[in-house]
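Listed below, chain by chain, are the residues.
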Amino acid sequence: MPLRLPTATATFTIGIAGYLGVNLSPYMITALQSALGTDVLTASWIVTGALLATAITGLAIAPLCAGPRRLLVARVGLVLAILGFGAAALIAVPGVVVAGLLLGGVGAGGAVAASGAAIAAFTNPDRVAGFNGLANRAIVTVILAVIPLIGLAPIDVFGALALFSAVSLLVSGWLPAAPVLAPQAGAAVAEAMPVEVPETSAIPAIKARAAASARPTRLATIAGFVLLATFALWAVSEDSLWAMAGVMGAEQAALTPEGLGLALSGATAGGLVGSILLMIIGNRLGRAVPLVVLLVLGGVLKIVEGFVADPTMFIVVFIAWNTIYAIAFMYFVSTSAALDVEGRWSGPLLAVYLVGSALTPVIGAALVEVFGFQGFTVVLGIASFVLAVPAAFAAHVSTLHEKAERAGAALAASTATPAATDADEVLA
């Protein structure tokens, strides 16, 4: 379906609700320290547990979101998020706070899976991914700016998570439903043809091609699994640098806390610019070539970041790298959406990213300890170069599969014209 305000509002809002805990994780750690009196490490592991709950739930429940239960999954997930985060915000009992965050993480997993699957329902997934990125960055930027002004107590941080989940629940009725692709599509096409068309060999050819275009191919399935594995590993390589940016900037480039704040806010602005560019470009450049270019360029910038000693240059390179990262992220989303119109791959994609990124503070610290800052960034850069190959494969297959789906739709429409009597003419 084309992108319209109601369906876009529901899809993007529910997606932001599912991912909001990731963006608010630094604030959640602070709120946990004030609520439970724990140290940073303990609070970090509690937040990591909530994020892993989101990731595992999103992966487990994603298959349901590719069918008629998508709206139910979204609503149940949002209700659980409201109850869990609401309890953590209002009841200052350690057991309740921890259990509430874990329950909220489970609920957020349902929201992530449902919204991810819904993205596949729209035409031109590249532009839709751009709109999604723009909405996500814009809203999250405002939330990140407002919450510290109110306070970082549990009622402020966890309450914001519960409140946004409640808003998402209100608009969830507009969430796009999964289309039903019947294997008997070929028969339906044949029945829709005019009576005047004779029973020739053209009709079996039409039926076979229409049925083939109406269901995922084995190649698309392979590409889907490749995409999920690639995306998880890419998440580790990207978020490890994000997690270590403050420590690396301070020790390597004498970056001040104000400078780090400028780098992080500039990175968010870079993501907004990237979203707008993708909305304008759409799928004109395909997906395989842009993904390869972005991953290679991102790898180069990660390596450069490890060798920069000037604080200004550190900030500039960091913003440039994060802009490239944001655009590549959206291309991954559009690739998953184009692989299957029912959201079979876009549903679990965002949950897979969380699996890769949840432990990146620990992974990043371990890599820095072994290789040092420069070796750390070289390892991350090489990882981007290597992952560009499977990413390009999945992106290329998604383009082919998307063309096949469009051909099937065009075939179904063209059979209504009495002039179509030959299979090749109908397909054309």
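Here the structure is a predicted model, which means the values were calculated and not measured. Sequence order sets the numbering: in each chain, residues are counted from 1 along the sequence as written. At least 70 in pLDDT is required for a residue's local features to be given in this predicted model, at least 80 for side-chain atom pairs to be given and counted, and no such filter applies to totals for whole chains, interfaces and linings, which use all residues. To obtain the side-chain values, all non-hydrogen atoms of the structure were included, while hydrogens and water were left out.

Draft legend 1. Main features of the overall build of the chain. Only DSSP runs of H or I reaching four residues or more are called helices, and only runs of E reaching two or more are called strands; each is numbered from the N terminus. Scanning the chain for helices and strands turns up 16 helices and zero strands. For every residue, the accessible area (1.4 Å probe, protein chains only) is compared with the maximum for its type, and the residue is labelled buried under 20%, exposed over 50%, or partly exposed between those bounds. Looking at the 428 residues of the chain, the share that counts as buried comes to 53%. Every residue pair with non-hydrogen atoms within 4.5 Å of one another is taken to be in contact. Considering only contacts in the chain between residues 6 or more positions apart, those separated by 24 or more positions represent 85%. Where accessible areas are quoted, they stem from the Shrake-Rupley method and a 1.4 Å probe; at the residue level, only the protein chains shown are allowed to cover. Counting only carbon and sulfur atoms, one obtains 74% of the accessible surface of the chain, whose full area is about 17600 Å².

Draft legend 2. Representation of the packing of helix α1 (residues 5-23) against helix α2 (residues 25-36) in the model. Where α1 meets α2, the closest approach of the two axes is 5 Å, and the angle between their N-to-C directions is 65°. Across from Gly 21, Val 22 and Asn 23 in α1, the residues of α2 making contact are Ser 25, Pro 26 and Met 28. A per-class count over the contact of α1 with α2 returns three nonpolar, three polar and no charged. All axes here are fitted lines through C-alpha atoms, helices being fitted over the stretch that makes contact, and every angle between N-to-C directions spans 0 to 180 degrees. For this classification, Asp, Glu, Lys and Arg are treated as charged, while Ala, Val, Leu, Ile, Met, Phe, Trp, Tyr, Cys and Pro are nonpolar and the rest, including Gly, are polar.

Draft legend 3. Molecular detail of the environment of Leu 350. Counting through the fold element by element, Leu 350 comes out in helix α14 (residues 346-357). Here the alpha-carbon distance between Leu 350 and Ala 55, two residues 295 residues apart in the chain, equals 7.9 Å.

Draft legend 4. Quick look at the nonpolar core. To qualify as a nonpolar core, a set must consist of buried Ala, Val, Leu, Ile, Met, Phe, Trp, Tyr and Cys residues joined through side-chain atoms within 4.5 Å. By size, the foremost hydrophobic cluster in this structure holds 68 residues, and its most contacted members are Trp 234, Leu 295, Phe 329, Phe 332 and Tyr 353. Top element by residues in this core is helix α13 (residues 311-339). It accounts for 17 residues. With sequence-adjacent residues up to four places away left out, Phe 332 is seen in contact with Leu 227, Thr 230, Phe 231, Trp 234, Leu 291, Leu 295, Leu 349 and Ala 391. With 44 residues, the next largest nonpolar core counts Met 28, Ala 31, Val 97 and Ala 111 among its residues.

Draft legend 5. Quick peek at helix α10 (residues 218-253). Expected helix span is taken as 1.5 Å per residue step, with the number of steps being one fewer than the number of residues. The end-to-end C-alpha distance of α10 is 49 Å, a good match for the 52 Å that 36 residues give at a rise of 1.5 Å each. Positive backbone phi, approximately 55°, marks Ala 254, located one or two places after α10.

Draft legend 6. Region of interest: a nonpolar patch on the surface. Taken together, the side chains of Val 296, Leu 297, Val 300, Val 304, Ile 382, Phe 385 and Val 386 present a nonpolar region at the surface, about 520 Å² in accessible area. Only α12 (288-305) and α15 (360-414) provide two or more residues apiece to the nonpolar patch. Per-element accounting of the nonpolar patch gives the leading share, four residues, to α12. Its place among the elements puts Val 386 in helix α15. Its relative accessible area of 53% is what places Val 386 among the exposed residues. For patch detection, residues must exceed 30% relative accessible area and be free of salt bridges, and they are connected within 9 Å for like charges or within 5 Å for nonpolar side chains (Val, Leu, Ile, Met, Phe, Trp, Tyr). Think of a salt bridge as a Lys or Arg side-chain nitrogen and an Asp or Glu carboxyl oxygen that are within 4 Å of each other.

Draft legend 7. How the structure looks around the packing of aromatic side chains. We call Phe, Tyr and Trp rings a pair once their centres come within 6.5 Å, taking the six-membered ring for Trp, and we label the pair stacked below 30 degrees between planes, edge-to-face above 60, and tilted otherwise. Going through the model one piece at a time under the given rule, you end up with 12 aromatic pairs. Taking 4.9 Å as the distance between ring centres and 50° as the angle between the ring planes, the aromatic pair formed by Phe 231 and Phe 332 counts as tilted. A residue pair is termed long-range when its members are at least 10 positions apart, and Phe 231 in helix α10 and Phe 332 in helix α13 qualify at 101 residues. Judged by its relative accessible area of 0%, Phe 332 falls in the buried class. Relative to Tyr 353, the ring of Phe 329 lies with its centre 5.2 Å away and its plane at 75°, an arrangement referred to as edge-to-face. With Phe 329 in helix α13 and Tyr 353 in helix α14, this residue pair connects regions lying 24 residues apart in the sequence. The same class applies to Phe 329 as to Tyr 353, namely buried. Of the aromatic side chains, those joined through ring pairs into one cluster are Phe 231, Trp 234, Phe 318, Trp 321, Tyr 325, Phe 329, Phe 332 and Tyr 353.

Draft legend 8. The side chain of Thr 13, seen in detail. Among the structural elements, Thr 13 can be located in helix α1. With sequence-adjacent residues up to four places away left out, Thr 13 is seen in contact with Ala 8, Phe 164, Ser 168 and Val 171.

Draft legend 9. Structural context of the environment of Glu 251. With respect to the helices and strands, Glu 251 occurs in helix α10. In this structure the C-alpha to C-alpha distance between Glu 251 and Ala 309, which are 58 residues apart in sequence, comes to 9.3 Å.

Draft legend 10. Quick look at the environment of Ala 223. Looking at the element boundaries, Ala 223 is found in helix α10. Classification of Ala 223 as buried rests on a relative accessible area of 0%. Distance in space between the C-alpha atoms of Ala 223 and His 396 is 9.0 Å, their sequence separation being 173 residues. Ignoring anything within four residues of it in the chain, the contact list for Ala 223 reads Leu 339, Phe 393, Ala 394 and Val 397.

Draft legend 11. A look at the packing of helix α6 (residues 125-150) against helix α7 (residues 154-171). At a minimum axis separation of 10 Å, α6 and α7 run at an interaxial angle of 145°. The two elements α6 and α7 meet at a crossing, and its hand is right-handed. For the pair α6 and α7, the contacting residues are Ile 139, Ile 143, Ile 147 and Ile 150 in the first and Asp 156, Val 157, Ala 160 and Phe 164 in the second. Partitioning the contact of α6 with α7 into residue classes produces seven nonpolar, no polar and one charged. By convention the crossing between two helices is left-handed if the near helix lies anticlockwise of the far one by an angle smaller than a right angle, and right-handed if it lies clockwise.

Draft legend 12. Representation of the confidence of the model for the chain. Taken over all residues, the pLDDT of the chain has a mean of 80, while the share at 70 or more is 83%. Highest mean pLDDT in the chain belongs to helix α4 (residues 70-90) (95); lowest belongs to helix α8 (residues 185-192) (38). Every residue in residues 182-214 is under pLDDT 50, and counting partners more than four places away or in other chains gives 42 contacts. On a scale of 0 to 100, pLDDT captures the predictor's confidence in every residue. Long-range and interchain partners of residues 417-428, a stretch whose pLDDT sits below 50, account for 21 contacts in this model, where long-range means more than four residues apart.

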